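Below are the chains, spelled out letter by letter.
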Amino acid sequence: VYNHTLLATKFRSIEEDYWHLCENVQVWDVSCEKQVAISGPDAYRLIQLMTPRDLSKARIGRCFYVPLCNPQGGIVNDPIAIKLTENDWWLSIADTDVMLWAQGLATGFNLDVTVTEPDVWPLAVQGPKAEDLMARVFGESVRDIKFFNIKPMSYQGVDMQVARSGWSKQGGFEIYVNDASLAGPLWDELFAKGQDLNVGPGCPNLIERVESGLLSLGNDMGYDTTPIECGLDQYVSLDADIDSLSISALRQLVPQRQLMGLVIDQACTISESNVYVDGQCVGEITSQAYSPKYGVHLAFVLCSLPALGAHLKVDVNTNLSVLKGQLTTLPFNFGALGLTPKTPVK
Ligand code: THG
């Protein structure tokens, strides 16, 4: 359950879905990624209060990955902010109740905005063959949409926003479906026109997102972690002159923790989330998956910097024994780790 809405976690097995996603095209019902629409003369002001990322120069038709933070710097949500017109934004949210918080801020700061959850539901088309499939359904001009840009595309005479985005690193698009009566026909057309592309149903995939270093709200980050600790520094504008609830806390923060990657060079089942150096706990695993492409077990670990010191090898309790894991920066740089990708066993 994500945003009070059902979301599939797998269709065949997580590993079969993974290989299919990396080689073909999948259609994902990610309607749980709800939209919070903020409209009115103070729309930008409200969004800037919520995020420490500078959106003052944002252009219409662009998408922005933005941490939303409370006054302590803790992460409330990590949506995609979409600027549709000068006074109309959507926040395509992760799994916490943003509308209520936004409405509270709008009231408290006496802002001239309306905050609603519109009847708009994302449908993702992901994978290396996504562009070809989208061109067959929406026309060739869909190929011109650049990464994290969005524009209205006509489907059966109805304009729907279409962005080049999605929660995988395999490439693809997201269709913001705004007409329930067209959702079924659109789904069926994507499957009919994608048969020779081996189209299949899919959903955000654990293996792919861990390999790609995509963080999950509620697992790898949340109210008690800041974007700096989670490695989202590039989405925090510490030096910008912005009016944001969290910016002064984030400027003052001396991070005591850091989210890092962990690589164990064999398949295993991790039996305890704590990891150790010389018997002392130095961090906690927040997500993990075996990578069939690289033949290693991968994890994200929220490390205590004082406890970790300069160590990069940690002890991990597994079903096999205590195994050594290598800590590394995120996203994983497999080449630098000496790992080369394998192709699937068919
Ligand atoms: N699509 C839509 N809504 C969403 C998600 C989505 N809402 C919830 C969740 N996913 C929000 N979280 C993310 C996290 C990362 C990215 C998108 C949404 C992402 N990041 C890119 C990266 O890490 O390379 C690029 C970020 C950037 O450069 O701005 O795509 O997936 N509709």
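Analysis parameters
- Residues numbered from 1 in each chain as written.
- Predicted model: local features only at pLDDT ≥ 70, side-chain atom pairs only at ≥ 80, totals over all residues.
- Heavy atoms only, no water.
- Phe/Tyr/Trp six-rings, centres within 6.5 Å; stacked < 30°, edge-to-face > 60°.
- Helix = DSSP H or I, 4+ residues; strand = E, 2+ residues; numbered from the N terminus.
- Buried < 20%, exposed > 50% of the residue type's maximum accessible area, 1.4 Å probe, protein only.
- Axes fitted to C-alpha atoms, helices over the stretch in contact; angles between N-to-C directions.
- Parallel < 35°, antiparallel > 145°, perpendicular 65-115°, else oblique.
- Left-handed = near helix turned anticlockwise from the far one by under 90°.
- Contact = heavy atoms within 4.5 Å.
- Nonpolar A, V, L, I, M, F, W, Y, C, P; charged D, E, K, R; others polar.
- Expected span 1.5 Å × (residues − 1).
- Arc of directions from axis to C-beta.

Asks: Report on the packing of aromatic side chains, specifying residues and quantitative values.
Replies: In the structure shown here, the tally under the stated rule is 9 aromatic pairs. A ring pair is formed by Phe-138 and Tyr-155, whose centres lie 5.8 Å apart and whose planes are at 45 degrees; its orientation type is tilted. Highlighted residues: Phe-138 in helix α4 (residues 130–138) and Tyr-155 in strand β10 (residues 150–155), separated in sequence by 17 residues. Each member of the pair, Phe-138 together with Tyr-155, is buried. On the numbers, 3.9 Å between centres and 10 degrees between planes, the contact of Tyr-294 with Phe-334 is stacked. Taken together, the residues span a long stretch of sequence, with Tyr-294 in the loop between β16 (280–291) and β17 (296–304) and Phe-334 in the segment after β19 (322–328) at a distance of 40 residues. In this structure Phe-334 comes out as buried when scored by relative accessible area, which is 10%. Within the aromatic cluster, the residues linked to one another by ring pairs are Tyr-294, Phe-300, Phe-332 and Phe-334.

Asks: Give me the lowdown on the packing of α4 against helix α5 (residues 180–193), citing residues and values where you can.
Replies: Relative orientation of the contacting elements α4 and α5 amounts to 120 degrees, with a least axis distance of 10 Å. As far as their axial angle goes, α5 and α4 are oblique. Crossing of α4 against α5: the hand is right-handed. Contact with α4, carried on its side by Leu-133, Met-134, Arg-136, Val-137 and Phe-138, involves Leu-186, Glu-189, Leu-190 and Lys-193 of α5 and no other residues of that element. Across the contact of α4 with α5, the residue classes tally to 6 nonpolar, no polar and 3 charged.

Asks: Describe in detail α5, supporting the description with residues and values.
Replies: A rise of 1.5 Å per residue sets the reference length of α5, with its 14 residues, at 20 Å; its end C-alpha atoms lie 21 Å apart and thus fit the reference within 8%. Among all positions in α5, only Leu-182, Leu-186, Glu-189 and Leu-190 are buried. For α5, the angular spread of buried residues about the axis comes to 100 degrees, placing them on one side. Away from the buried face of α5 by more than 90 degrees, exposed residues Ala-180, Asp-188 and Ala-192 are located.

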